[in-house]
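# Reading the structure
So you can see what is in the structure, the chains are spelled out below.
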Number of protein chains: 2
Amino acid sequence: MSSGPPERDRRLPSGEARPTYTLDRLLDVAVRVFTERGYDGTSVQHLSHASGLSKSSIYHHIEGKEQLLRLGLERALEPLMASTTEPESTTGPAIDRLTHLVRRNVAILAERLPYVTLLLDVHGNTETERWALDQRRAYDKIVAAVVAEAIDEGSVRSDVDARTTARLVFGMINSAREWYHPERSVKPDQLADQICSLVLEGIRVH
Amino acid sequence: MSSGPPERDRRLPSGEARPTYTLDRLLDVAVRVFTERGYDGTSVQHLSHASGLSKSSIYHHIEGKEQLLRLGLERALEPLMASTTEPESTTGPAIDRLTHLVRRNVAILAERLPYVTLLLDVHGNTETERWALDQRRAYDKIVAAVVAEAIDEGSVRSDVDARTTARLVFGMINSAREWYHPERSVKPDQLADQICSLVLEGIRVH
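Residues numbered from 1 in each chain as written. Chains lettered and ligands numbered in written order. Predicted model: local features only at pLDDT ≥ 70, side-chain atom pairs only at ≥ 80, totals over all residues. Heavy atoms only, no water.

### So, the packing of aromatic side chains
All names here are of chain A. Tallied over the full model, the rule gives six aromatic pairs over all chains. Centroid distance Tyr-139 to Phe-170: 6.0 Å. Interplanar angle 80 degrees. Geometry classified as edge-to-face. Taken as a pair, Tyr-139 in helix H8 (residues 127-152) and Phe-170 in helix H9 (residues 162-175) lie far apart in primary sequence, 31 residues in all. Considered together, Tyr-139 and Phe-170 belong to a single accessibility category, that of buried residues. For the ring pair Trp-179 and Tyr-180, a centre distance of 6.3 Å and an interplane angle of 90 degrees mean the geometry is edge-to-face. Above the face of the Tyr-39 ring, Lys-65 is positioned so that its terminal group lies 4.1 Å from the ring centre. Over the ring of Trp-131 we find Arg-70, and its NZ or CZ is 3.7 Å from the ring centre. (Phe/Tyr/Trp six-rings, centres within 6.5 Å; stacked < 30°, edge-to-face > 60°. Helix = DSSP H or I, 4+ residues; strand = E, 2+ residues; numbered from the N terminus. Buried < 20%, exposed > 50% of the residue type's maximum accessible area, 1.4 Å probe, protein only. Lys NZ or Arg CZ within 6 Å of the ring centre and 35° of its normal.)

### Brief notes about the UniProt feature "DNA-binding region" (unreviewed entry) in chain A
Under the UniProt annotation, the feature "DNA-binding region" (unreviewed entry) is placed at residues 43-62 of chain A. Helix makes up 75% of residues 43-62 of chain A and strand 0%. Its end C-alpha atoms lie 14 Å apart. (UniProt positions renumbered as here; feature names shortened; annotations may be inferred.)

### Topic: the relation of the copies chain B and chain A
For the match of chain B to chain A, the screw axis carries a shift of 0.0 Å, the RMSD comes to 0.0 Å, and the turn is 180 degrees. A rotation of that kind, with that shift, is consistent with a two-fold axis. In this assembly the copies share their binding face: 100% of the residues contributing to the interface of chain B also contribute to that of chain A. (Least-squares fit on C-alpha atoms with pLDDT ≥ 70 in both. Contact = heavy atoms within 4.5 Å.)

### Side note on the environment of A:Ile173
Residues and elements named next belong to chain A. Examined against the element boundaries, Ile-173 turns out to sit in helix H9. Along the chain, Ile-173 and Ile-195 lie 22 residues apart, while their C-alpha atoms are 7.1 Å from each other. When residues no more than four places from it in sequence are discounted, the contact partners of Ile-173 are Val-102, Asn-105, Val-106, Leu-109 and Ile-195.

### Digging into the interface of chain B and chain A
Opposite the 35 residues of chain B that make contact, chain A presents 35 residues. Summed over both partners, the interface of chain B with chain A comes to about 3,400 Å²; 59% of that surface belongs to carbon and sulfur atoms. On the chain B side of the contact with chain A, B:Arg157, B:Leu168 and B:Ile203 bury the most area, a combined 22% of that side's loss. Across the contact surface, chain B and chain A share two salt bridges. The closest approach of N and O atoms between B:Arg204 and A:Glu201, which form a salt bridge, is 2.9 Å. Counting every contact that joins chain B to chain A gives 16 residue pairs in polar contact (both at pLDDT 80 or more). Those elements that place two or more of their residues in the side of chain B that touches chain A are helix H1 (21-37), helix H6 (94-111), helix H9 (162-175) and helix H10 (188-201) of chain B. For the side of chain B that touches chain A, the element with the highest residue contribution is H9(B), accounting for eight residues. (Buried area = accessible area lost by both parts, 1.4 Å probe. Salt bridge = Lys/Arg side-chain N within 4 Å of Asp/Glu carboxyl O. Polar contact = N/O pair within 3.5 Å; in protein donor to acceptor, adjacent residues only side chain to side chain.)

The structure is reproduced here in structure tokens:
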């Protein structure tokens with residue numbers, strides 16, 4: 001694996017830093033290719049082909065493909081983790097905090113679909129993937145704790161354990177990545193309403 | 001791609017057909033490796049390494065890796081499609097038929113976890129994968145039609161469209177593949193009870 005070109009190559013002949021839109025575009029392409037081929041099955045050659053950038057041009061921007069994986073995963077994980085420390089997630093009745101976490105999770109999935117898809121496909125073969133799995137586990141733990149509090153406060157049913165309920169609820173949300181298209185389907189807010197309502201009240205007419 | 005060895009090689013020196021347990025074992029290994037590495041990223045060499053069978057021995061049993069993919073996918077798709085024609089899925093109130101389909105889907109997932117996991121990871125790059133996707137679409141269509149009937153009969157809420165409800169409900173079920181272990185968790189029947197109940201009644205205490 002190349003350690004990348006010397007620093008001067010990361011600048012334009014004028015001495016300015018190369019514009020970051022190339023990195024953004026490269027990242028978007030890489031996230032798509034990782035999802036299509038799997039991270040292990042993607043080489044820098046594949047990224048070069050898909051982006052139209054030469055391999056040496058790619059190495060002007062990044063040290064290797066794992067850096068692109070990290071950047072892509074951060075775009076999903078940062079807002080997810082941030083959502084757990086928002087006031088609506090940390091104060092008030094547990095059922096309201098849970099509802100907020102569900103709504104935020106749907107919104108993040110809708111707004112950052114390719115990055116969340118990448119995150120949900122992570123296996124754990126590299127250091128970066130294991131870091132992402134650790135973050136996901138931390139998120140799941142926070143959510144399960146809120147479900148447990150909601151059970152304790154009597155607002156969520158107690159016949160299914162907190163961890164299973166959390167897994168099933170967020171499993172339902174995450175499954176939307178397979179069919180949701182923000183431009184073709186309902187708006188993210190409406191999807192969040194629908195999922196929240198189905199999760200809380202069920203599908204049966206009462 | 002080899003077209004396989006001559007027919008006589010598929011028999012033991014005694015003239016008997018080779019025992020099928022080797023094919024069963026090879027299939028189990030292949031399904032695991034396909035899921036770990038992705039189907040595209042798996043070569044017959046990988047299968048040879050993982051199974052301890054030589055490549056030529058593998059070709060005694062199958063024509064190529066796509067045949068193993070087909071056999072693996074059939075183990076998930078056959079019971080799923082069969083569940084849609086059972087009397088409980090075709091007669092009676094739509095809400096009861098839907099409940100039966102949900103319960104059967106959970107049971108099949110629990111009993112055939114590696115095969116259902118393989119099915120849910122299918123992308124559609126080969127003829128076999130496209131066949132599997134067609135089957136999944138046919139299944140989804142049947143399920144969505146039952147949800148639509150349940151909405152018409154007034155037993156399932158009408159504020160979310162039938163297709164979205166069907167996708168979210170079966171998305172929740174399928175997400176269990178990521179954490180469910182029949183030997184470590186609740187029994188398949190209990191999981192089916194929990195999911196059915198959460199789906200129908202929601203998680204909130206009424």
